[in-house]
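Architecture and fold: a report
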Amino acid sequence: MAEFETIVVVGAGVVGLSTVLCIQQYLKPSQSVLLVARDFPSDTSVNYASPWAGAHYRPVPGSSPQALREAKQAQRTYEFFKILAVNEPAAGIIFLKGVEHLEAPPPEYLDSQSAHNVYSHLDEFRYLSDDEVPAGVKWGVEYGTYVVNSPVYCAHMLRKFILKGGTTKRYTLAHLKEAFSLDTNVKTVINCSGLGFDDPKSFIIRGQTCLVRNPVSATITRQNTDGSWSFCIPRPLDGGTIIGGTKQPHNWDPNASPETRAQLLAKASKWFPFASESGGQFDVIHDIVGRRPAREGGMRIEVEKLENEKQIVHAYGAGGRGFELSHGVAEDTVALMLENGLLKEKAVL
Ligand SMILES: Cc1cc2nc3c(=O)[nH]c(=O)nc-3n(C[C@H](O)[C@H](O)[C@H](O)COP(=O)(O)OP(=O)(O)OC[C@H]3O[C@@H](n4cnc5c(N)ncnc54)[C@H](O)[C@@H]3O)c2cc1C
């Protein structure tokens, strides 16, 4: 009889939660999954990125290996979320119109091949003509996309994981190898810790946004000529609207800046179609500051073999795209585990 084995997954953000659900479909009868994390859904720490995400899907054109890999992961997540939005409304995902208005489009947006790579799979994708875009906008598109109520989606996944027999442990690891000692027979550890452990390529990108009660019916992104980006993201299930946002690499300030809030809201009232009865005023719920776990060259998704047949499977460094890549990343991680014989080949669904 096969020896009983526990697979430890470190990290209960959107990447870890998507990964445990995917792993559960391929468990051998002798395997179980333990989800270990410092933070779980409902916790609010500036270092736990997932609850702070907008979160919408906005493709990122490019031709680097990272851009091409992410485009595939994003596309698979888009298809997966389409099904989830219909079958599991409590997941907090809805599909709606996405609009982009760019004042100074970077070259990759103007290159038809790199734009095609990331936009062509979207429902109802089309370029906006000059007379359809606001003054000052040089490049505009619209398409069908999704928005996610990020804390609701993470809590939903955690609930599913536990209902399917998964177990959890709140624990802060000082070193990733500690994870091998958190149950009796742990040979495989999956590292979904966001920033990884002492990876010199990892860095944070600070994001400040503002959650308001004012509703809006589409997710709209505007790139301003000064290099800043403005966006509005309605959160499903009456979760308000996220107004954003900043992207500040290596900025460790955990406090929300009142000046930044004022700038974000001023631009939002100028660019986005909030109801006229609000008179340009916002009903603010709270400011948000979070740290996106980024990595030079993109996510690390690879197997690291250790002594005594132990293995670590890394899956971290999603930066500002953890939700839109989540299901694709989980599938890629499970594919690596299957290749290395760490899971059962045939899914038990
Ligand atoms: C303001 C803002 C807006 C964003 N908007 C979007 C968006 O619109 N679309 C989108 O796709 N993404 C967006 N993101 C990015 C998204 O939030 C991240 O990419 C995603 O949350 C990363 O998920 P993760 O699971 O890798 O990391 P995290 O959510 O940070 O989770 C890491 C997990 O690892 C655990 N952990 C870490 N170290 C240890 C340790 N030593 N011991 C034990 N546990 C540990 C943590 O406790 C946590 O459970 C946004 C982010 C911010 C901040």
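Summary of the structure given here. (Residues numbered from 1 in each chain as written. Predicted model: local features only at pLDDT ≥ 70, side-chain atom pairs only at ≥ 80, totals over all residues. Heavy atoms only, no water.)

1. So, the overall build of the chain
- A count of helical and extended segments in the chain gives seven helices and 15 strands.
- With the C-alpha coordinates of the chain rotated into their principal frame, the extents come out at 70 × 40 × 40 Å.
- Relative to its 349 residues, the chain shows a buried fraction of 55%.
- Considering only residue pairs separated by 6 or more positions, the chain has 77% of its internal contacts joining residues 24 or more positions apart. (Helix = DSSP H or I, 4+ residues; strand = E, 2+ residues; numbered from the N terminus. Buried < 20%, exposed > 50% of the residue type's maximum accessible area, 1.4 Å probe, protein only. Contact = heavy atoms within 4.5 Å.)

2. Notes on the pattern of salt bridges
- Under the defined criterion, the tally for this structure stands at 20 salt bridges.
- Glutamate 79 serves as the salt-bridge partner of lysine 82, at 3.5 Å between the closest nitrogen and oxygen. Taken together, the residues lysine 82 and glutamate 79, both in helix α2 (residues 65-87) and three residues apart, mark about one turn of the helix.
- Lysine 97 is paired through a salt bridge with glutamate 142; the nearest N and O atoms lie 3.5 Å apart. Of the two residues, lysine 97 sits in strand β3 (residues 93-102) while glutamate 142 sits in strand β5 (residues 139-148), which places them 45 residues apart along the sequence.
- On the basis of relative accessibility, which here comes to 16%, the residue glutamate 142 falls in the buried class.
- Within this structure, Lys97, Arg126, Glu132 and Glu142 form a network of salt bridges that share partners. (Salt bridge = Lys/Arg side-chain N within 4 Å of Asp/Glu carboxyl O.)

3. So, the site of the ligand
- Near the ligand you find 35 residues, and of these Ala12, Asp39, Ser50, Gly319 and Gly322 are the closest.
- A distance of 3.1 Å is found between an oxygen atom of the ligand and a backbone nitrogen or oxygen belonging to valine 15.
- Serine 50 is positioned such that a nitrogen or oxygen atom in its side chain is 2.5 Å from an oxygen atom of the ligand.
- For the ligand, whose free accessible area comes to 1,000 Å², the fraction covered by protein is 95%.
- Mapped onto the shell around the ligand, the elements with two or more residues apiece are α1 (14-24), β13 (284-295) and α7 (322-339).
- Partitioning the shell around the ligand into residue classes produces 16 nonpolar, 14 polar and five charged. (Near = heavy atom within 4 Å. Polar contact = N/O pair within 3.5 Å; in protein donor to acceptor, adjacent residues only side chain to side chain. Areas by Shrake-Rupley, 256 points an atom, 1.4 Å probe, with all protein chains shown as cover. Nonpolar A, V, L, I, M, F, W, Y, C, P; charged D, E, K, R; others polar.)

4. Regarding the packing of aromatic side chains
- In the structure shown here, the tally under the stated rule is 17 aromatic pairs.
- Seen in terms of ring centroids, tyrosine 109 and tryptophan 139 are 5.0 Å apart; in terms of plane orientation they differ by 85°. Their pairing is edge-to-face. Residue tyrosine 109 is located in helix α3 (residues 107-110), and its partner tryptophan 139 is located in strand β5; the two are separated by 30 residues in the primary sequence.
- For tyrosine 109, a relative accessible area of 6% corresponds to the buried category. (Phe/Tyr/Trp six-rings, centres within 6.5 Å; stacked < 30°, edge-to-face > 60°.)

5. As for unusual backbone geometry
- Cis geometry is adopted by the peptide bond preceding alanine 55, which originates at glycine 54 and carries an omega value of -5°.
- Following the sequence through the fold, alanine 55 ends up in the loop between β2 (31-37) and α2.
- Following glycine 244, the chain continues into glycine 245 via a peptide bond in cis, with omega recorded as -25°.
- Mapping glycine 245 onto the fold places it in the loop between β11 (241-244) and β12 (248-249).
- Phi is positive for aspartate 198, close to 55°, though the residue is something other than glycine.
- Along the chain, the position of aspartate 198 falls in the loop between β7 (188-191) and β8 (202-212).
- Even without being glycine, histidine 250 reaches a positive phi, approximately 65°.
- As for its placement among the helices and strands, histidine 250 is situated in the loop between β12 and α6 (258-271).

6. Some words on the environment of glycine 54
- Topologically, glycine 54 is positioned in the loop between β2 and α2.
- A relative accessible area of 15% places glycine 54 in the buried class.
- Linking glycine 54 and proline 151, residues 97 residues apart in sequence, is a C-alpha distance of 9.9 Å.
- Excluding residues that lie within four positions of it along the chain, glycine 54 makes contacts with Val148, Ile233, Arg235 and Ile242.

Read these as layout, nothing more, since geometry by itself doesn't imply function.
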